[in-house]
Amino acid sequence: MLVRDLLLEHMTLDKAESLAVSLSTGTWTHDYAITAEEAKRLGLPVTTEMPRDVYELMRLYPQPTRTRPSVEYVPVPYRRPGESPPA
């Protein structure tokens, strides 16, 4: 209901209800970024225009470059050396 109400500011009730269901029922998960193009196709009011002032502000707060991943995927069950597999 909250998602629908937020969408009502930008679209009709029917479209807002349909899109609210899509956005809140697992069609996309938290780790899938919806691109600007996809958002536009969904009917969301999206723009990629950014005022120059925003870029100037962002330059004041540079982000560190990550050199190693923060999460490592281990495709097999992990065991310590000498440890027996679970029974």
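Residues numbered from 1 in each chain as written. Predicted model: local features only at pLDDT ≥ 70, side-chain atom pairs only at ≥ 80, totals over all residues. Heavy atoms only, no water.

## Examining the overall build of the protein chain
Reasoning step 1: Helix and strand counts for the protein chain stand at four helices and zero strands.
Reasoning step 2: Shown N-terminal to C-terminal, the secondary structure of the protein chain runs as helices and strands in the order α-α-α-α.
Reasoning step 3: Computed over its C-alpha atoms, the radius of gyration of the protein chain comes to 22 Å, more than 25% above the 12 Å expected for a compact globule of 87 residues.
Reasoning step 4: In the protein chain, buried positions account for 9% of the 87 residues.
Reasoning step 5: Counted over contacts in the protein chain with a minimum sequence separation of 6, partners at least 24 positions apart contribute 22%.
Reasoning step 6: Approximately 8300 Å² of the protein chain is accessible, and the part contributed by carbon and sulfur atoms is 57%.
Reasoning step 7: Between the mean site of the 10 positive side-chain charges and the mean site of the 12 negative ones, the protein chain shows a separation of 9 Å. (Helix = DSSP H or I, 4+ residues; strand = E, 2+ residues; numbered from the N terminus. Rg over C-alpha atoms; globule rule 2.2 N^0.38 Å. Buried < 20%, exposed > 50% of the residue type's maximum accessible area, 1.4 Å probe, protein only. Contact = heavy atoms within 4.5 Å. Areas by Shrake-Rupley, 256 points an atom, 1.4 Å probe, with all protein chains shown as cover. Lys, Arg positive; Asp, Glu negative; His and termini not counted. Charge placed at Lys NZ, Arg CZ, Asp CG, Glu CD.)

## A look at the nonpolar core
Reasoning step 1: Listed in full, the six residues of the largest apolar core are Leu7, Met11, Ala16, Leu19, Ala20 and Leu42.
Reasoning step 2: It is helix H2 (residues 13-24) that provides the largest number of residues to this core, a total of three residues.
Reasoning step 3: Setting aside residues no more than four positions away along its own chain, Leu42 makes contact with Lys15, Leu19, Trp28 and Ile34. (Core = buried A, V, L, I, M, F, W, Y, C linked by side-chain atoms within 4.5 Å.)

## Considerations on a nonpolar patch on the surface
Reasoning step 1: Taken together, the side chains of Met50, Tyr55 and Met58 make up a nonpolar region of the molecular surface, amounting to roughly 300 Å² of accessible area.
Reasoning step 2: Here Tyr55 shows up in helix H4 (residues 52-59).
Reasoning step 3: We classify Tyr55 as partly exposed; its relative accessible area is 39%. (Patch = residues over 30% accessible without salt bridge, like charges linked within 9 Å, V, L, I, M, F, W, Y side chains within 5 Å. Salt bridge = Lys/Arg side-chain N within 4 Å of Asp/Glu carboxyl O.)

## Points about the pattern of salt bridges
Pairing is possible between side chains of opposite charge, provided their charged atoms come close.
Reasoning step 1: Within this structure, the stated rule accounts for three salt bridges.
Reasoning step 2: In this structure, Asp5 engages Arg4 in a salt bridge whose closest nitrogen and oxygen atoms are separated by 2.9 Å.
Reasoning step 3: The partly exposed category is assigned to Asp5, whose relative accessible area is 36%.
Reasoning step 4: Each of Arg4, Asp5 and Glu17 takes part in salt bridges that share partners, so that together they form one network.

## Re the environment of Thr48
Reasoning step 1: Turning to its location among the elements, Thr48 is positioned in the loop between helix H3 (36-42) and H4.
Reasoning step 2: According to the relative accessible area criterion, Thr48 is exposed, its value standing at 55%.
Reasoning step 3: Taking the C-alpha atoms as reference, Thr48 lies 21 Å from Gln63; in sequence the two are 15 residues apart.

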